[in-house]
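So the chains spell out like this:
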Amino acid sequence: MKKIQFPGLVLTALCLLFACGCGSEPKNKFFDLEDEVSTAFFDYRVKEITVHQDYHGMQAREGHQIVVAELEIENTEDYELPMGRYDFRVQWGSDEGEYAYPETWYYERQFPHEYSIPEDESAEGELIFQVPQEQREMTLAYLEVFENETQGDAYFTYFAVEGSANPDRVRG
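Residues numbered from 1 in each chain as written. Predicted model: local features only at pLDDT ≥ 70, side-chain atom pairs only at ≥ 80, totals over all residues. Heavy atoms only, no water.

*Asks:* Tell me about a negative patch on the surface, residues and numbers included.
*Replies:* On the surface, Glu36, Glu74, Asp78, Glu80, Glu119, Asp120 and Glu121 cluster together into a negatively charged patch. Within the fold, glutamate 119 resides in the loop between β10 (114-117) and β11 (122-132). (Patch = residues over 30% accessible without salt bridge, like charges linked within 9 Å, V, L, I, M, F, W, Y side chains within 5 Å. Areas by Shrake-Rupley, 256 points an atom, 1.4 Å probe, with all protein chains shown as cover. Salt bridge = Lys/Arg side-chain N within 4 Å of Asp/Glu carboxyl O. Lys, Arg positive; Asp, Glu negative; His and termini not counted. Charge placed at Lys NZ, Arg CZ, Asp CG, Glu CD. Helix = DSSP H or I, 4+ residues; strand = E, 2+ residues; numbered from the N terminus.)

Structure, rendered in structure tokens:
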């Protein structure tokens, strides 16, 4: 009589189940300006994006425009969520190396270098970027990074700049 190795079959089935992906592979997720985005840690909404040559005393560098993203970020975790201005960046073009992180200069509405959002609360503020003047189509990007330094999903909110860099609103 042949014995069936039941624990071995269960282990093999579990290994196949996890090896097939089952949501464990990081994904690129794309959104429009009006969309609310849900990440592993928080939900966020881009309230408005504007483009300027001068913004609260900051002048655009030569050949650049100032892109201001106003965000609302809601902590969906059961702990105080640490955040930083490098959590988001603006990307453009087809090369992964074409991006800008928020400017270090800030005023009272800009998210600071580091901040925390208490459990079940939200934060509103602005991220200010210097982007080459000729760029018209961009994304606001966020990449999940976990405590063990593994990467999760990447989130891209698309927007396009119309016209010159005067206090223009943009379209999604």
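Having put the structure on the table, let's press on.
*Asks:* Give me the lowdown on unusual backbone geometry, citing residues and values where you can.
*Replies:* Despite not being glycine, histidine 56 has its phi angle at roughly 45 degrees, a positive value. Relative to the helices and strands, histidine 56 is located in the loop between β4 (54-55) and β5 (58-59). Notably, aspartate 120 is not glycine yet its phi reads approximately 60 degrees, a positive angle. Tracing the backbone shows aspartate 120 in the loop between β10 and β11.

*Asks:* A description of the packing of aromatic side chains should follow, citing residues and the corresponding values.
*Replies:* As enumerated under the stated definition, the model contains 13 aromatic pairs in all. Over the ring of tyrosine 99 we find arginine 89, and its NZ or CZ is 3.7 Å from the ring centre. (Phe/Tyr/Trp six-rings, centres within 6.5 Å; stacked < 30°, edge-to-face > 60°. Lys NZ or Arg CZ within 6 Å of the ring centre and 35° of its normal.)

*Asks:* So, the side chain of histidine 64: which residues are in play, and what are the values?
*Replies:* Within the secondary structure, histidine 64 sits in strand β6 (residues 64-75). A polar contact is formed between the side chain of histidine 64 and the backbone oxygen of glutamate 62, at a distance of 3.1 Å. Not counting residues within four places of it along the chain, the set of residues in contact with histidine 64 comprises Gln53, Gln130, Val131, Pro132 and Gln133. (Polar contact = N/O pair within 3.5 Å; in protein donor to acceptor, adjacent residues only side chain to side chain. Contact = heavy atoms within 4.5 Å.)

*Asks:* Explain the side chain of threonine 139 to me, and be specific about the residues and the numbers.
*Replies:* The topology assignment puts threonine 139 in strand β12 (residues 137-145). Every residue in contact with threonine 139, bar those within four places of it in the chain, is listed here: Arg89, Val90, Gln91, Phe156, Thr157, Tyr158 and Phe159.

*Asks:* An account of the sheet that holds β12 is requested, with residue identities and associated values reported.
*Replies:* The sheet built from five strands is open, its strands ordered β1-β13-β12-β8-β9 with mixed pairing. In this open sheet, the two edge strands, each paired with only one partner strand, are β1 (28-31) and β9 (99-100). Of the pairings in the sheet, the one linking strand β8 (residues 88-92) to β12 comprises five bridges and is antiparallel in character. The residue of β12 that forms the bridge with arginine 89 is alanine 141. (Pairing = 2+ DSSP bridges.)

*Asks:* Give a description of the environment of arginine 45 that names residues and reports values.
*Replies:* Note that arginine 45 resides in strand β3 (residues 42-52). The class of arginine 45 is partly exposed, set by a relative accessible area of 31%. Each C-alpha atom of the pair arginine 45 and glutamate 72 lies 5.4 Å from the other, and the pair is 27 residues apart in sequence. If sequence neighbours within four positions are ignored, arginine 45 has contacts with Asp35, Glu70, Leu71 and Glu72. (Buried < 20%, exposed > 50% of the residue type's maximum accessible area, 1.4 Å probe, protein only.)

*Asks:* How would you explain the nonpolar core if you had to name every residue and give the values?
*Replies:* Side chains of nonpolar character tend, in soluble globular proteins, to be buried together. Judged by nonpolar contacts, the single largest core of 32 residues is most densely connected at Phe42, Tyr44, Leu71, Ile73, Phe88 and Leu140. Where this core is concerned, the elements lending two or more residues are β3, β6, β7 (81-84), β8, β10, β11, β12 and β13 (151-160). The biggest single contributor to this core is β3, with five residues. Apart from the residues within four sequence positions on either side, phenylalanine 42 is in contact with Val37, Ile73, Glu74, Asn75, Thr76, Leu81, Met83, Phe88 and Tyr142. Within the second largest apolar cluster, seven residues are counted, among which are Ala60, Ile66, Val68 and Ile128. (Core = buried A, V, L, I, M, F, W, Y, C linked by side-chain atoms within 4.5 Å.)

*Asks:* Which residues make up the pattern of salt bridges, and what values do they have?
*Replies:* Here the structure, examined in full by the defined rule, presents six salt bridges. The partner of lysine 47 in a salt bridge is glutamate 70, with the nearest N and O atoms 4.0 Å apart. A residue pair is termed long-range when its members are at least 10 positions apart, and lysine 47 in strand β3 and glutamate 70 in strand β6 qualify at 23 residues. In this structure glutamate 70 comes out as buried when scored by relative accessible area, which is 16%. What emerges from the salt-bridge pattern is a single network uniting Lys47, Glu70, Arg109 and Glu124.

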